[in-house]
Amino acid sequence: MIHDFATIWAQRADVLSGLLNTVILLVSSALASLVLGALLTPMLMSKRKPIARAATAYVDAMRCAPFLLFVYLIYFGLPTLGISLSNWWAGAIALILYNTAYMAELLRGAWHELPVTLIESGKAYGFSGFTLLRRIILPPIFLRAMPMIGNQIIQIVKDSAFLTVIAVNELTHEMTGIQSTYFIPFAAFVTAVLLYWCVCLAIEAGTGALNKLAEERRA
Amino acid sequence: MTAFDYWSITRGALSTISLSLASIVLGVPLGLALALIRWARVPVLDRAVYSYVSIVRSCPTVTLTLLIFFALPQFGLSLDPVPAAIVALTISTSAFNCEVWRSALIEFPRDQYDAALSFAMPRLTRMRRIVLPQVWRASLPGLVNEMTLQIKSTPAVAVIGIVEITRAALRVGSNTYEPLPPFVFALVLYGVIVYVLLRVQRSIESRMRHGEARQGEAA
């Protein structure tokens, strides 16, 4: 058993490149889906019926679809429409589009809890449109939704493992490769599980620190 | 797509449903047991459950499935794909269910428990008559939410060759060279399953409310 883990250690370059790829996918899709989610949220709550209905339909469809199905849809479906992508980009786009819907839904929930007076006083001070959104509405919403955003980012980590089926070189994919070369499944996958755990602990620590910072600033 | 293609995806739906049902039936009580261990602060087990939940919650279902299917034979315990899938899904859902049950147990009013103690109720009756009915009511939405997530994570077991909705759709797509229609049909099937679950939750909740109202009238 120790020997198996020594083999993994000998392959650390591959393991690290897999981990790095997972982290890059995670960071870029977390940021992109947060930004897009923040833009989608006002559409969900729009007073114009068609916009609100379209945005709600998108969010509901994403919330019903399993991530793997959506990955296949992007990976096999887009080329049918004449858009061909590399595996990595197909995976990243699937992660972003899928999680945008969840982020938008989280932010909408936080928006509903926001006191109306805050927005009204913002308007009274002459903020409007995008500035109102950026300066007055979004900051408290982000703070309120922070723990849930943290959970969703952990969900992105877990979703990224699905990308192994379309041969994106993330952690699980690298580990499957090592496992099938050296026949050390236990060591390979336990290492993967522990590395995922470390990533998630880092995310939890990160959101916790941000939360604390925000509370100190508010106080 | 021919009628046979539709039929094969629908058969995939049967295996998705039976796998999720099996893991839910095993995972919900297991989660309750884990939550009770943490609630009762059983000395060493308490820490063990804490680590278990923390690791499993951050572990992608794909990686967990691969770990169980490929690594257990190393210890002389080889499982067929279906039992391996059920074990993997149960492990992952039990960790999430544990958190749902535990938050309901934390919310449980202490004075009721003390009242039951002062009536000299034996431990089992105390759990069965006082604690569980209320905790069950409080956890139901969280549990159903976790069930829908569970259904959406069943495609993960396709990596060990189980044909469920997503994989069946993929097969049909690669036979007909038209990936979009089978994926859209698969999406509809998932939508139907999740919708039925939500309806069941609503009806159970309304029945509970009726029950409470009737008890109120009697008192």
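All residue numbers here refer to positions counted from 1 along the written sequence of the relevant chain. Chains and ligands are labelled sequentially in the order written, the chains with letters from A and the ligands with numbers from 1. Only residues with pLDDT of at least 70 get local features here, since the model is predicted, and only at 80 or more are side-chain atom pairs given and counted; chain-wide, interface and lining totals rely on the full set of residues.

- If you check an unreviewed UniProt entry, chain A appears there as Amino acid ABC transporter permease from Paraburkholderia edwinii.
- UniProt positions are given in the numbering used here, feature names are shortened, and annotations may be inferred rather than shown by experiment. Per its UniProt entry, chain A bears the Sequence similarities (unreviewed entry) comment "Belongs to the binding-protein-dependent transport system permease family. HisMQ subfamily."

**So, the overall build of chain B**
- What counts as a helix is a DSSP run of H or I of at least four residues, what counts as a strand is a run of E of at least two, and both are numbered from the N terminus. Of regular secondary structure, chain B possesses eight helices and zero strands.
- Taken from the N to the C terminus, the helices and strands of chain B come in the order α-α-α-α-α-α-α-α.
- The dimensions of chain B, computed from C-alpha atoms along their principal axes, are 70 × 50 × 20 Å.
- Working definition of burial: number of other C-beta atoms within 10 Å of the residue's own, with buried at 20 or more, exposed at 12 or fewer, and partly exposed in between, all C-beta atoms being placed from the backbone. Put simply, chain B has 219 residues, and 38% of those count as buried.
- The long-range share in chain B, meaning contacts at least 24 apart out of those at least 6 apart in sequence, stands at 78%. Note that contacts rest on C-beta atoms placed from the backbone: two residues are in contact if these are within 7 Å.

**Details of the overall build of chain A**
- A tally of regular secondary structure across chain A gives nine helices and zero strands.
- The order of α-helices and β-strands along chain A, N terminus first, is α-α-α-α-α-α-α-α-α.
- Here the C-alpha coordinates of chain A stretch approximately 70 × 50 × 25 Å along the principal axes.
- Within chain A, residue pairs in contact and separated by at least 24 positions form 74% of the contacts whose partners lie at least 6 positions apart.

**Some remarks on the packing of helix α5 (residues 110–118) of chain B against helix α6 (residues 123–153) of chain B**
Residues and elements named next belong to chain B.
- Axis lines are fitted through C-alpha atoms, for helices just across the contact stretch, and the angle between N-to-C directions can take any value from 0 to 180 degrees. Running from N to C, α5 and α6 point in directions that differ by 145 degrees, and their axes come no closer than 10 Å. Pair α5 / α6 crosses with right-handed handedness. For the pair formed by α5 and α6, the contact residues are Gln112, Tyr113 and Ala116 on the first element and Arg126, Ile130 and Val131 on the second.
- A per-class count over the contact of α5 with α6 returns four nonpolar, one polar and one charged. Helix crossings get a hand from a simple test, with the near helix turned counterclockwise from the far one by less than a right angle marking a left-handed crossing and a clockwise turn marking a right-handed one. The residue classification treats Ala, Val, Leu, Ile, Met, Phe, Trp, Tyr, Cys and Pro as nonpolar and Asp, Glu, Lys and Arg as charged. All others, Gly included, are polar.

**Notes on the UniProt feature "domain: ABC transmembrane type-1" (unreviewed entry) in chain A**
- Per the UniProt annotation, the sites labelled "domain: ABC transmembrane type-1" (unreviewed entry) are residues 19–207 of chain A.
- Along residues 19–207 of chain A, the helical share is 84% and the strand share 0%, with 20 Å between the first and last C-alpha atoms.

**Side note on the interface of chain A and chain B**
- Taken together, the contacts link 29 residues of chain A with 27 residues of chain B.
- Contributions of two or more residues to the side of chain A that touches chain B are made by α4 (67–80), α7 (129–160), α8 (171–182) and α9 (185–218) of chain A.

**Overview of unusual backbone geometry**
- Its identity is not glycine, yet Ala167(A) carries a phi of approximately 60 degrees, on the positive side.
- By the element assignment, Ala167(A) lies in the loop between α7 and α8.
- Even without a glycine there, the phi angle at Arg41(B) is positive, about 50 degrees.
- For Arg41(B), the position within the fold is in the loop between α1 (3–39) and α2 (43–57).

**Notes on α6(B)**
All names here are of chain B.
- Here, expected helix span is obtained from the residue count minus one, scaled by 1.5 Å. An ideal rise of 1.5 Å per residue puts 45 Å on 31 residues; α6 reaches only 37 Å between its terminal C-alpha atoms.
- Two axes enter the definition of the bend at a residue: one is fitted to the seven residues ending there, the other to the seven starting there, and the bend is the angle between them. Along α6, the helix axis deviates most sharply at serine 139, where the bend reaches about 50 degrees; the proline proline 141 sits within four residues downstream.
- Of all the residues in α6, the buried ones are Val135, Ser139, Leu143, Val144, Glu146, Met147, Gln150, Ile151, Lys152 and Ser153.

**A closer look at the environment of Ser94(B)**
- With respect to the element layout, Ser94(B) can be found in helix α4 (residues 81–107).
- Separated by 67 residues in sequence, Ser94(B) and Gly27(B) place their C-alpha atoms 4.5 Å apart.

**Things to note about the packing of α4(A) against helix α5 (residues 87–113) of chain A**
All names here are of chain A.
- Taken N-terminus to C-terminus, the directions of α4 and α5 make an angle of 130 degrees; their axes are 9 Å apart at the nearest point. With respect to α5, the axis of α4 lies oblique. Like other packed secondary-structure pairs, α4 and α5 cross with a definite hand, here right-handed. On α5, the residues that touch Phe67, Phe70, Val71, Ile74 and Tyr75 of α4 are Ala90, Gly91, Ile93, Ala94 and Tyr98.
- Within the contact of α4 with α5, the residues separate by chemical class into nine nonpolar, one polar and no charged. By definition in this entry, angles of less than 35 degrees are roughly parallel, angles greater than 145 are roughly antiparallel, angles of 65 to 115 are roughly perpendicular, and the rest are oblique.

**Describing α1(B)**
- The first and last C-alpha atoms of α1(B) sit 52 Å apart over 37 residues, in line with the 54 Å expected at 1.5 Å per residue.
- In α1(B), a bend of some 25 degrees at Gly27(B) exceeds every other bend along the element, and Pro29(B), a proline, comes one to four places later.

**Examining the environment of Ser46(A)**
All names here are of chain A.
- By the element assignment, serine 46 lies in the loop between α2 (12–44) and α3 (49–64).
- Its 15 C-beta neighbours within 10 Å are what place serine 46 among the partly exposed residues.
- Apart from residues lying up to four places away in sequence, serine 46 is in contact with Ile51 and Ala52.

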